[in-house]
Amino acid sequence: MTTGMLRDCHMEQVMELFCQCFQDDHFYKRSFPSEATRMQDMRKAYGPSLLYCLRHGDCRGIWDGDTLTAFLLCFDYRKVRGEDFASFRMIFAGEDGGQGLPYSASLHDVVEGLPGDVLYLLSVAVRPACQNRGLGACLIDLILKDYPRHYLVSDVSNPDSLGIYRKRNFSIREIDKDYNLIIHAPQDPAHTCSIGSTVKLLLPSPGLLERYQIPCRVVKEQTAVAGYGTVEDHGVACFVTRQGELAMGSVVELDYDSYLQYQRLINVSQYEEHMAGDRVFYVQKTPYPAPPLMNRVLEEMLPSRQAEWAVIPDVFVSVPVQYRSMDLLEDCPAQPDRKAAALLKDMDFRTHYEAGVPSQLEDVDDLAGFKRRIKRYYLGKIPVQITREGTVDCYDEAGDPIGAPAFVDLYISIDTDSNCGVLTWYSLSSPFLISHLMDNIIRNNLMVVGADGSHTNFFDFVSLNYGVIKRGTPKIFAVIPKAKSCLKSSQIASLLAAETIYPDGENFGEIVDREIVAAISSKKGMGQYDRAFVCAYSNVVLQFTPDFQATLRDRLCEESITLFYIELILLEEAAIQIADREIIRLITSKAVDEPVEFLKQVENIYDNFSKTIDFWDIQVNYPTSQKSIDMLRQAFKIKDQLAFMQRNQAQMQTVFDTKCDIIDRNDSKRMDTSLAIISILAIFSAWIDGYDYIATWSDVFSGSVIHLLQRILFILVAITAGYAIFHLFGNKFRRFLSRRRDRRRRRDQKK
């Protein structure tokens, strides 16, 4: 089957199907009592209205070959009323201006009171032989999707069809028995369906659930969804977007835990979530690089890890980073899907409204400068792979892959005034064994899988592709939609320490760290409300929320709160780590000896670090939020990192003072040598002058006396020069002799 637009050339097929579908409706029976002439009377009475709608409205049809199987006719209520009132009156009062639709005055009173654009649904019809297959419902879904900001209004005389509208959040007002006014208000399409303890899931085929033993109940064998086709990708039947096509699927009902198992199975990060009434379905956007979820290693591990495998969390991994160039990030061609775009929007909202005043004026909002500096870029979906931990025999090789590679979403938040940033990737209903995923992250051994099957370390990948360099430790935020009791205390402790959970039946000792034990032993942990248990330690935040049952969009909206707090803290950590790294580099550098150049580089370090002052210890508006941030900062040991940097600052000052002292001493040595040389030259110059002067005394003294006097003068000059040299270098000579005696003494002791 296919879908398409209807025009006036389809009038005869539309009219024929209209009469066939509605000739037995109680409203038309009452309007046209004669069964013999009813279809002819219906053609005469409603033909002009249908034709007008085909020419000027939005009309959709479903075709089975050349046969029109279903149609939907609608038009812009306010536009037709304002621009073509004669036709408007014809539609609602009949061609002869008579009574027309019953209770039309009541209908118009309600519609006129609606505050926005209104789309009037004139007629929906499905060929009797094809009814109960969801064809009419999928046409309504198409209109709701294409007109999300319009009110959709109609009058319905068939009570059996009200269920279709009720499932799509139409309000239903009874005007009279078997006659109702239905109204659908504009709303975000992502919120048209709520998820509860049971979920109705629309699938191309329930066979995938049967193959993986996911319990479900088939509600409807065949139902239609418009605008989509089906493909099979590595053994998984998927809906894909195909304009003009109609896909058939089955509706199954399953509990929320089974629903999460299905999301994990298909790796929901590669799909977009859609709603069709009270049913949820998934449309594939990214093909699988390999058969999803399972591989030999994971199949071998699962029998002894059932408790861990039963945990299906949303996982967010945030890393403090330094970015080289904003241009690289801005030039990234990746476009976010709907859920990724919604998360970025949520994070921007929290940036502007969680702290300070939502104002653009810096004299009104003290944090306005900080808010303008934060930018976020979506970097795309990347396939990642976790592996077994290497051993001493094969530490330089990639470990065995655990499960199939799976796509995750990647984005970065940056401070435009410095080079600080926070790189975040996330996986909803994560398809990985949670403790092994954490172990890979903390070991910095997460792999990105290339198109050719090659493996690249995650941090090498982001450095090469986005110019982003790790500066600090990754922080893991895992939201587990179960009670804390789903895992043993020892297993929760392993997760907090980011260590792998022991296989069932094995125990090589439990974690007894006092901080970890204290974090998991309290009733609610760090949670500010009684609906969740939250605990954190060093690099991991765990949130157990048993009643957290929602669409992907709603889950991300709530999770963005804690994610935003973590981002604020990691911006501070990135600033500390970048400055600390530069301090260490300067301390250990052999290329900078001059104090002036040293001071210049110190000034650059402090200039860059001082730019980050705006996001140090930001105070948010809600006290409960502020307390959460303070506890996370304490768990992440930000103060310890700052103290470590301050220690290195003190060391840098010591190095600077030492360099200055060494230079002063070297300068002093050079000056002493210069003075010695100048002194000796001056002495010998005086001796030569004296020698020549004594020679002029020949008329007074004999030659032998003059010669004696010259010798005496030479001895005096030599004694003076020797004294000067001894005064300048005597201490060094004595130290040389002392060190020589010490070495001789040590050699004698060894013998």
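Rules of the game
Residues numbered from 1 in each chain as written. Predicted model: local features only at pLDDT ≥ 70, side-chain atom pairs only at ≥ 80, totals over all residues. Heavy atoms only, no water. Helix = DSSP H or I, 4+ residues; strand = E, 2+ residues; numbered from the N terminus. Buried < 20%, exposed > 50% of the residue type's maximum accessible area, 1.4 Å probe, protein only. Contact = heavy atoms within 4.5 Å. Areas by Shrake-Rupley, 256 points an atom, 1.4 Å probe, with all protein chains shown as cover. Axes fitted to C-alpha atoms, helices over the stretch in contact; angles between N-to-C directions. Parallel < 35°, antiparallel > 145°, perpendicular 65-115°, else oblique. Left-handed = near helix turned anticlockwise from the far one by under 90°. Nonpolar A, V, L, I, M, F, W, Y, C, P; charged D, E, K, R; others polar. Phe/Tyr/Trp six-rings, centres within 6.5 Å; stacked < 30°, edge-to-face > 60°. Core = buried A, V, L, I, M, F, W, Y, C linked by side-chain atoms within 4.5 Å.

S.K.: Is there a simple way to explain the overall build of the protein in this structure?
M.R.: Each helix and strand in the protein was counted, giving 24 helices and 22 strands. Among the 751 residues that make up the protein, the fraction classed as buried is 49%. In the protein, of all internal contacts separated by at least 6 residues, the share reaching a separation of at least 24 is 73%. Approximately 36,400 Å² of the protein is accessible, and the part contributed by carbon and sulfur atoms is 52%.

S.K.: Hey, could you run me through the packing of helix H14 (residues 338–353) against helix H20 (residues 552–588) in this one?
M.R.: How two helices pack is summed up by the angle between their axes together with the distance between the axes. Look at H14 against H20: their axes get within 9 Å of each other, and the N-to-C directions meet at 45°. Here H14 is positioned oblique relative to H20, judged by the angle of their axes. Crossing hand, H14 versus H20: right-handed. Listed contacts from H20 to Lys 339, Ala 342, Leu 343, Asp 346, Met 347, Arg 350 and Thr 351 of H14 are Leu 552, Arg 553, Leu 556, Cys 557, Ser 560, Ile 561, Leu 563, Phe 564 and Glu 567.

S.K.: Please clarify how the packing of H20 against helix H22 (residues 623–635) should be interpreted in this entry.
M.R.: Taken N-terminus to C-terminus, the directions of H20 and H22 make an angle of 45°; their axes are 10 Å apart at the nearest point. Classified by the angle between their axes, H20 and H22 sit oblique to one another. Both H20 and H22 take part in a crossing whose hand is right-handed. Contacts between H20 and H22 involve Tyr 565, Ile 566, Leu 568, Ile 569 and Glu 572 on the former and, on the latter, Ser 625, Ser 628, Ile 629, Leu 632 and Arg 633. Among the residues forming the contact of H20 with H22, the class breakdown is six nonpolar, two polar and two charged.

S.K.: Teacher, can you tell me more about the packing of aromatic side chains here?
M.R.: How two aromatic rings sit relative to each other is set out by the distance from centre to centre and by the angle between their planes. Applying the stated criterion across every chain, the model contains 27 aromatic pairs. Aromatic side chains Phe 88 and Phe 92 sit 4.8 Å apart centroid to centroid with 50° between the ring planes, which places their arrangement in the tilted category. One end of the pair, Phe 88, and the other, Phe 92, are both in helix H5 (residues 85–93), four residues apart, so they sit about a helical turn from each other. Taking the relative accessible area as the measure of exposure, Phe 88 reaches 3% and is therefore buried. Owing to a relative accessible area of 2%, Phe 92 belongs among the buried residues under this scheme.

S.K.: Would you mind showing me how to read the nonpolar core here?
M.R.: The tendency in soluble globular proteins is for nonpolar side chains to be buried side by side. Counting 133 residues, the largest nonpolar core has Tyr 282, Phe 458 and Leu 542 as the members making the most contacts within it. If you tally residues by element for this core, the top one is H20, at 17 residues. What Leu 542 contacts, discounting residues up to four positions off in sequence, is Met 438, Ala 478, Ile 492, Leu 495, Leu 496, Phe 533, Val 534 and Cys 535. Of all hydrophobic cores here, the second largest spans 41 residues; its members include Phe 27, Phe 32, Leu 68 and Tyr 151.

S.K.: It is not clear to me how unusual backbone geometry should be interpreted in this structure. Could you clarify?
M.R.: Leaving glycine aside, a negative phi is the common case for residues, and trans is the common case for peptide bonds. Backbone geometry at Gln 213 places phi at a positive 55°, although glycine is not the residue there. Take Gln 213: it is sitting in the loop between helix H9 (207–211) and strand E9 (217–233).

S.K.: What's the story with the side chain of Ser 628 in this structure? I'm lost.
M.R.: Take Ser 628: it is sitting in helix H22. Setting aside anything within four residues of it in sequence, one finds Ser 628 in contact with Gln 528 and Tyr 565.

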